[in-house]
Amino acid sequence: MKNLVVIGYGGMGGWHVQHALKSDVVKLLGIYDIDPKKAELAESRGIHAYASFEEVLADTAVDMVTVAIPNDQHKPVVIRALEAGKNVLCEKPVTLSSEDLQDMIDAANKAGKIFSVHQNRRWDVDTLAMKKLYETGEIGEIFNIESRVHGSRGIPSDWRGMKQYGGGMIYDWGIHLIDQILQIVPSKIDTVFCRLDHITNDEVDDGFKLELMFENGCRAYIELGTYNFIPLPRFYMQGMKGTALITDWRENCKVVKCKAWHESDVMPVETAAGLTKTMAPRDSITVDEYECERPVSDVHDYYRNFVKAIDGIEPQLVTHEQMMLDMKVMEAAFKSAELGQVIKF
Ligand code: NAD
């Protein structure tokens, strides 16, 4: 058991307070939030609220802190906590630039403490289903993956809509979607191309379209929209032996596998302008269609691993190298969007 304090008792801080305990490896000593109303709220729920960040740092009983505050403030808070000898679990995006991240990594190395970022969406079952298909080769060698998250409510009307706080959808959701793709495709990135949307917000991106080309020839297309009243499927994957689709987070992965590539009797379909065999749908004689088993996943394994990493029993799952790679992809995406160019990675 490690003693934990959660810094920031907002939406995600509240999640950590509940879910850290479900991992059965931490004891919650309390929270700290700069907003006195959040401190009052915590106390009303029986959770101890530290009076200041300094008080948290000075408490020698504290083994680790989880930092769940707006993105622009992660860096100073993380570095101060590391310097005070605490292990630090930081919310995503870990910070806003690779330079800042390097300073944070240096501080962790100097302190000899665990510092990792909460990439909890590695435990999403849709991502795990895609990763499994990629690794097993069930639908052959994968040459295209499309990952989409579509909402229709615009960007949240809090700090996420403001540049100074590290707002925008690349930092908010892009970091998850990029990290997921890098977990699925183990190849080096060759090029990055990105376009940002500004449909409901001029200041920060409220959506994006991002293409990663990998050195192994695989292409990943990541799309995030906040003005999509008809969402497109969550994941679409093409391999040399078939295609996989996940329509929605709640749905299982559907696979269509080709069992007879050369067919003699294709029934043409009639379109308004004429017949086509090329685009005619397949039937059960030439393809197999089935649903994959739902992967088993427990997001609390993140905390379990973090605590084992503190004890030196396991290496941390979300490594400094992975954190840096995610950050560099986000930077390349911003650069590509600014220049309107493909960026060699
Ligand atoms: P929020 O606005 O709901 O809460 C932030 C809280 O931090 C507020 O209560 C605020 O008063 C407090 N705060 C601000 N500066 C502080 C400081 N210097 N010290 C202490 N408290 C401070 O925001 P949120 O949605 O909880 O997001 C917080 C972080 O969590 C962000 O980095 C966000 O990207 C991340 N997040 C992650 C996920 C995920 O699934 N991993 C989901 C949502 C948010």
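In this numbering scheme, every chain counts its residues from 1 along its sequence in written order. Only residues with pLDDT of 70 or above have their local features reported here, since the model is predicted, and side-chain atom pairs are shown and tallied only from 80 upward, although totals for entire chains, interfaces and linings are computed over all residues. In computing side-chain values, all of the structure's heavy atoms are included and hydrogens and water are not.

## Considering the overall build of the protein chain
Strands are runs of DSSP state E lasting at least two residues, helices are runs of H or I lasting at least four, and both sets are numbered from the N terminus onward. When its secondary structure is counted, the protein chain shows nine helices and 16 strands. Since a compact globule built from 345 residues should have a radius of gyration of about 20 Å, the 23 Å found for the protein chain is in line with a globular shape. In terms of overall dimensions, the protein chain has C-alpha extents of about 75 × 45 × 40 Å along its principal axes. Here the term buried applies to any residue with accessible area under 20% of the maximum for its type, exposed to any over 50%, and partly exposed to those in between, with areas from a 1.4 Å probe on protein chains only. Across the 345 residues of the protein chain, 49% fall into the buried class. Note on contacts: a residue pair qualifies if any of its non-hydrogen atoms lie within 4.5 Å across the two residues. If you take every contact in the protein chain between residues at least 6 apart in sequence, the share linking residues at least 24 apart comes to 70%. Radius of gyration here is computed from C-alpha atoms only, and the compact-globule reference equals 2.2 Å multiplied by the residue count raised to the power 0.38.

## Section: the sheet that holds strand S3 (residues 64-67)
What the five strands build is an open sheet, ordered S2-S1-S3-S4-S5; its pairing is parallel. The open sheet has two edge strands with one neighbour each: strand S2 (26-32) and strand S5 (115-117). When strand polarity is set aside, the average angle formed by the axes of neighbouring strands in this sheet is 20°. When DSSP locates at least two bridges between a pair of strands, those strands are taken to pair. Bridge analysis of strand S4 (residues 87-90) against S5 gives three bridges, and the strand direction is parallel. Directly across from valine 88, in S5, lies its bridge partner phenylalanine 115. On top of the sheet, helix H1 (residues 11-22) reaches strand S1 (2-7), S2, S3 and S4; it is set at about 165° to S2, its chief contact. Throughout, an axis means a line fitted to C-alpha atoms (over the contacting stretch in the case of helices), and angles, computed between N-to-C directions, take values from 0 to 180 degrees.

## Here's the deal with helix H7 (residues 169-184)
One fewer than the residue count of a helix, multiplied by 1.5 Å, yields its expected span. Counted at 1.5 Å a residue, the expected span for H7 with its 16 residues is 22 Å, and the 21 Å between its end C-alpha atoms agrees. Of all the bends in H7, the largest measures some 35° and sits at isoleucine 175. With 15 of 16 residues buried, H7 lies mostly within the body of the structure. Two axes are fitted around each residue, one to the seven residues ending there and one to the seven starting there, and the angle between them is reported as the bend at that residue.

## Quick notes on a nonpolar patch on the surface
The grouping of Ile199, Tyr227 and Phe229 at the surface amounts to a nonpolar patch, some 370 Å² of accessible area in total. Relative to the helices and strands, isoleucine 199 is located in the loop between strand S7 (189-197) and strand S8 (207-214). Here a patch means residues that are over 30% exposed by relative accessible area and free of salt bridges, tied together within 9 Å if like-charged and within 5 Å if nonpolar (Val, Leu, Ile, Met, Phe, Trp, Tyr). Residue burial considers only the protein chains on display, and all accessible areas are found by Shrake-Rupley using a 1.4 Å probe. What counts as a salt bridge is simple: a side-chain nitrogen of Lys or Arg found within 4 Å of a carboxyl oxygen of Asp or Glu.

## Describing the site of the ligand
A single heavy atom is enough: if one lies within 4 Å of a molecule or strand, its residue is considered near that molecule or strand. With respect to spatial proximity, 25 residues lie near the ligand, and among them Met12, Asp33, Asn71, Lys92 and Arg160 are the closest. Polar contacts, as counted here, are pairs of nitrogen or oxygen atoms within 3.5 Å of one another; within protein the pair requires one atom able to donate a hydrogen and one able to accept it, and residues that are adjacent in sequence qualify only if both atoms are side-chain atoms. At a separation of 2.9 Å, a nitrogen atom of the ligand approaches a polar side-chain atom of glutamate 91. The separation between a nitrogen atom of the ligand and a polar side-chain atom of asparagine 120 is 2.9 Å. For the ligand, the protein covers 85% of the area, taking 850 Å² as the surface of the free molecule. Each cavity reported here is a set of points on a 1 Å grid over the protein atoms alone in which a 1.4 Å probe fits but cannot get out, each pocket an open set with protein on both sides within 12 Å along at least five of seven lines, and each lining residue one with an atom within 4 Å of a point. More than half of a molecule's atoms lying within 2 Å of a cavity's or pocket's grid points is what places that molecule inside it. With respect to the pocket detection grid, the ligand is positioned in the largest pocket. Classifying every residue of the shell around the ligand gives 10 nonpolar, nine polar and six charged. What fixes the domain bounds is an automatic or database domain assignment. Per-domain counts for the shell around the ligand show at least three residues from each of domain 1 (2-120 + 299-313) and domain 2 (122-298 + 328-344). The residue classification treats Ala, Val, Leu, Ile, Met, Phe, Trp, Tyr, Cys and Pro as nonpolar and Asp, Glu, Lys and Arg as charged. All others, Gly included, are polar.

## Here we look at unusual backbone geometry
Between lysine 92 and the following residue, proline 93, the backbone shows a cis peptide bond with an omega angle of -15°. Among the secondary structure elements, proline 93 is positioned in the loop between S4 and helix H5 (98-111). Phi angles above zero are rare outside glycine, and aspartate 24 is one such case at about 60°. Here aspartate 24 lies in the loop between H1 and S2. Overall, the relative accessible area of 58% leaves aspartate 24 in the exposed class.

## A word on the layout of surface pockets
Grid points are joined across faces, edges and corners, and a volume is the space filled by probe spheres set on the points. Approximately 710 Å³ is the volume attributed to the largest pocket. Around the largest pocket, the lining is made up of 29 residues, and of these Met12, Ala68, Ile69, Pro70 and Trp159 lie nearest the centre. Breaking the lining of the largest pocket down by element, the ones donating at least two residues are H1, helix H4 (74-83) and H7. Ranked by residues supplied to the lining of the largest pocket, first place goes to H7 with three residues. The residue inventory of the lining of the largest pocket, partitioned by class, reads 12 nonpolar, eight polar and nine charged.

## Brief notes about the sheet that holds S7
Taken together, the nine strands give an open sheet; going across it, the order is S15-S12-S11-S10-S6-S9-S8-S7-S16, and neighbouring strands pair in mixed fashion. Two strands in the sheet have a free side with no partner beyond their single neighbour: strand S15 (287-291) and strand S16 (343-344). Looking at chain direction, S7 and S8 are connected through eight bridges and run antiparallel. Bridge pairing in S8 links phenylalanine 193 to glutamate 211. Strands in contact with helix H6 (residues 125-136) are strand S6 (142-150), strand S10 (235-239), strand S11 (242-246) and strand S12 (254-258); relative to S10, the strand with the most contacts, it is inclined by about 5°. Sheet strands touched by H7: S6, S7, S8, strand S9 (219-225) and S10. Its angle to S8, the strand with the most contacts, is close to 25°.

Take it as geometry only, folks, not as evidence of what the structure does.
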